[in-house]
Amino acid sequence: HAEPETGPALVSHLVEQGAQVRVMTLRLGPAAKGGGRTIAELDLRAATGATLLQINRSAGTIPAPSPQTRLEAGDEVLLVGTQEQVDAARVLLGE
């Protein structure tokens, strides 16, 4: 069967598989590599295995952002995956 793509279904799937699920928040600083790029451009899930569940931004929260959502400096992103996946995402998105 197909794996769930995002959100609570993905977390449930990882837990069912016995994965050590980590949920991490990361704030994008002014020099963050992810700033100014869309989620699709970053290809975060394919590159790291981590899933971006939510963006907290000064203008409000963006739950389950679309691939066309552009990340901005100052965004706080909520990531889920194994420890290795969220570490890789931190490297890809960070400064």
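Residues numbered from 1 in each chain as written. Predicted model: local features only at pLDDT ≥ 70, side-chain atom pairs only at ≥ 80, totals over all residues. Heavy atoms only, no water.

A. Just the overall build of the chain, in detail. Each helix and strand counted, the chain has 4 helices and 4 strands in total. Ordered by position from N to C terminus, the α and β elements of the chain give α-β-α-α-β-β-β-α. With the model as given, the accessible surface of the chain reaches about 5300 Å², and the carbon-plus-sulfur share is 52%. (Helix = DSSP H or I, 4+ residues; strand = E, 2+ residues; numbered from the N terminus. Areas by Shrake-Rupley, 256 points an atom, 1.4 Å probe, with all protein chains shown as cover.)

B. A look at the pattern of salt bridges. Tallied over the full model, the rule gives 5 salt bridges. Here Arg70 ties to Glu41 by a salt bridge, and the two come within 3.7 Å at their closest N and O atoms. Highlighted residues: Arg70 in the loop between strand 3 (60–63) and strand 4 (76–82) and Glu41 in helix 2 (residues 39–42), separated in sequence by 29 residues. Three or more residues joined by partner-sharing salt bridges are found here, namely Arg57, Glu72 and Asp75. (Salt bridge = Lys/Arg side-chain N within 4 Å of Asp/Glu carboxyl O.)

C. Local environment of the sheet that holds strand 2 (residues 51–57). Spatially, 4 strands are ordered 1-4-2-3 in an open sheet, and the strand pairing comes out antiparallel. Looking at strand neighbours, the two that pair on one side only are strand 1 (21–27) and strand 3, the edges of this open sheet. When the angles between neighbouring strand axes are averaged without regard to direction, this sheet yields 20°. In terms of strand pairing, strand 2 meets strand 3 through 4 bridges, oriented antiparallel. Bridge pairing in strand 3 places Gln54 opposite Pro63. Along the sheet, helix 4 (residues 83–93) contacts strand 1 and strand 4; its crossing angle with strand 4, the most-contacted strand, is approximately 145°. (Pairing = 2+ DSSP bridges. Axes fitted to C-alpha atoms, helices over the stretch in contact; angles between N-to-C directions. Contact = heavy atoms within 4.5 Å.)

D. Highlighting the side chain of Thr48. With respect to the helices, strands and loops of the structure, Thr48 is situated in helix 3 (residues 44–48). Under the relative-accessibility criterion, Thr48 is labelled buried at 12%. Only 2.7 Å separates the side chain of Thr48 from the backbone oxygen of Leu44, close enough to count as a polar contact. A polar contact of 3.1 Å, which involves the side chain of Thr48, links it to the backbone nitrogen of Ala50. (Buried < 20%, exposed > 50% of the residue type's maximum accessible area, 1.4 Å probe, protein only. Polar contact = N/O pair within 3.5 Å; in protein donor to acceptor, adjacent residues only side chain to side chain.)

E. Fine view of the environment of Gly36. Mapping Gly36 onto the fold places it in the loop between strand 1 and helix 2. In this structure, the C-alpha to C-alpha distance between Gly36 and Ala73, residues 37 residues apart in sequence, is 7.5 Å. With near-sequence residues (within four places) excluded, Gly36 lies in contact with Glu41, Arg70, Leu71 and Glu72.

F. Structural view of helix 4. What helix 4 keeps buried is the set Val86, Ala89 and Leu93. Taken around the axis of helix 4, the buried residues stretch over an arc of 55°, which confines them to a single face. The exposed residues of helix 4 that point more than 90 degrees off its buried face are Glu84 and Val91. Against the buried residues of helix 4 lie strand 1, helix 2, helix 3 and strand 4. (Arc of directions from axis to C-beta.)

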